[in-house]
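One-letter residues, chain by chain:
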Amino acid sequence: MRRVSKITAACTVTAALALTASACGESSTESSGSDKGKMKIGMAYDVGGRGDNSFNDSAARGLDKAKSEFGAETKELTAKTGETPADREQRLESLAEGGYNPVVAVGFAYKDAVDKIAAKYPKVNFGLVDSVASAKNVDSIVFTEEQGSYLAGVAAALKSKDGQVGFIGGVDLPLIKKFAAGFQQGVMETNPKAKVQVQYLSTGSDLSGFGSPDKGSAAAKGMLDKGADVIFAAAGGSGAGSIEAVAGKKGAWSIGVDSDQALDPSLAKYKDTIMTSVVKNVDGGVYDLVKSVKDGKPLAGTQTYTLAKDGVSLTTTGDHLKDIQAKLDEAKKKIADGTIKVKTTT
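Reading guide: rules and limits
Residues numbered from 1 in each chain as written. Predicted model: local features only at pLDDT ≥ 70, side-chain atom pairs only at ≥ 80, totals over all residues. Heavy atoms only, no water. Axes fitted to C-alpha atoms, helices over the stretch in contact; angles between N-to-C directions. Helix = DSSP H or I, 4+ residues; strand = E, 2+ residues; numbered from the N terminus. Left-handed = near helix turned anticlockwise from the far one by under 90°. Contact = heavy atoms within 4.5 Å. Nonpolar A, V, L, I, M, F, W, Y, C, P; charged D, E, K, R; others polar. Buried < 20%, exposed > 50% of the residue type's maximum accessible area, 1.4 Å probe, protein only. Pairing = 2+ DSSP bridges.

Draft legend 1. Quick peek at the packing of helix α3 (residues 85-97) against helix α4 (residues 111-120). Orientation of α3 relative to α4, taken along the N-to-C sense of each, is 35°, at an axis distance of 9 Å. Considering the relative orientation of α3 and α4, their crossing is right-handed. Two secondary-structure elements touch here, α3 through Arg88, Glu89, Leu92 and Glu93 and α4 through Ala113, Val114, Lys116, Ile117 and Lys120. Residues of the contact of α3 with α4, tallied by class, amount to 4 nonpolar, no polar and 5 charged.

In structure tokens:
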């Protein structure tokens, strides 16, 4: 999922720029350049990059932990809005050519680029977050978003005054539909009389739904007007607009995504109305890959981070879940032991 909680200005990508190391992307490097034996870790962020207080920052936490523990040299490059597939390929290739190993690509939008570049550099270990690559030297880091979203659905059903809740998806894509499916199932299995409004902000190759707070706000206001009092937005930067709109409605709750959005400085004034957030612990996946490379046993294939493994979870900032925590714990246990099987499609 492309996730951003800050909006990055679009830039014009030209063939000339595509040949540079940044390819119209931001770059951050911390290295000495003198220790040939030092581990080198490359990170290619999605739009928003480090500092987005969301998906990319979670990956950055894993990078920081690995850097500190292993004394590694790191280089970070960031995608820009409106770039071409070639720009993503070039970004990964520049890291591989620079001797960085592993090279981690954050976000499903890198899938095609990872498949192409990883095949070209078979001795380099790559990581791909949120999608599954075909190349043998890639660790595909994926999560059971539907399981965390199921718990969010349980919470929404229990907190809603009349069972009217909403789900806002950034883009109508299979990944986002996993969030929707889990949420709807959690709501309906908790309160069969509930009603779930569902809206996607864009479809197909139009990824603007992940970076349009105005669209998120408009969608949330529409749902609030129809009676919803709990709204879960899995919509990247657009979710900030939803959270703001919900905060303006007395008695309504929002549910955040990817990182603990109640702790997002840019959303601090709305924290009292953010019930919880469905987080994906991307940092753990990134760290696991780096450690495996450091140990000489690089991970490859698909690593799935589940609810049982704390790969996904609900945040408890503000103690808004305290009165229903026992029921959430019960649902979590049933998902972990297979009693509850969470759907990935509606």
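Draft legend 2. Spatial organisation of unusual backbone geometry. Cis peptide bonds are those with omega within 30 degrees of zero, and the linkage from Asn101 to Pro102 qualifies with 15°. Within the fold, Pro102 resides in the loop between α3 and β4 (103-106). Phi is positive for Asp258, which is not a glycine, with a value near 75°. Along the chain, Asp258 turns up in strand β10 (residues 253-258). Judged by its relative accessible area of 2%, Asp258 falls in the buried class. The phi dihedral of Asp310 falls on the positive side, at around 60°, and the residue is not glycine. Mapped onto the elements, Asp310 comes out in the loop between β12 (301-305) and β13 (312-314). The class of Asp310 is partly exposed, set by a relative accessible area of 44%.

Draft legend 3. How the structure looks around the sheet that holds strand β7 (residues 164-172). With mixed pairing, 6 strands are arranged side by side in an open sheet as β8-β7-β9-β10-β11-β13. The strands lining the two open edges of the sheet, one partner per strand, are β8 (195-203) and β13. Shown here is a sheet whose adjacent strand axes are inclined to one another by a mean of 15°, direction ignored. Bridge count between β10 and strand β11 (residues 274-280): 5 bridges; the pairing is parallel. Counterpart to Ser254 in the pairing with β11 is Ile274. On top of the sheet, helix α8 (residues 238-247) reaches β7, β8, β9 (230-234), β10 and β11; it is set at about 170° to β9, its chief contact.

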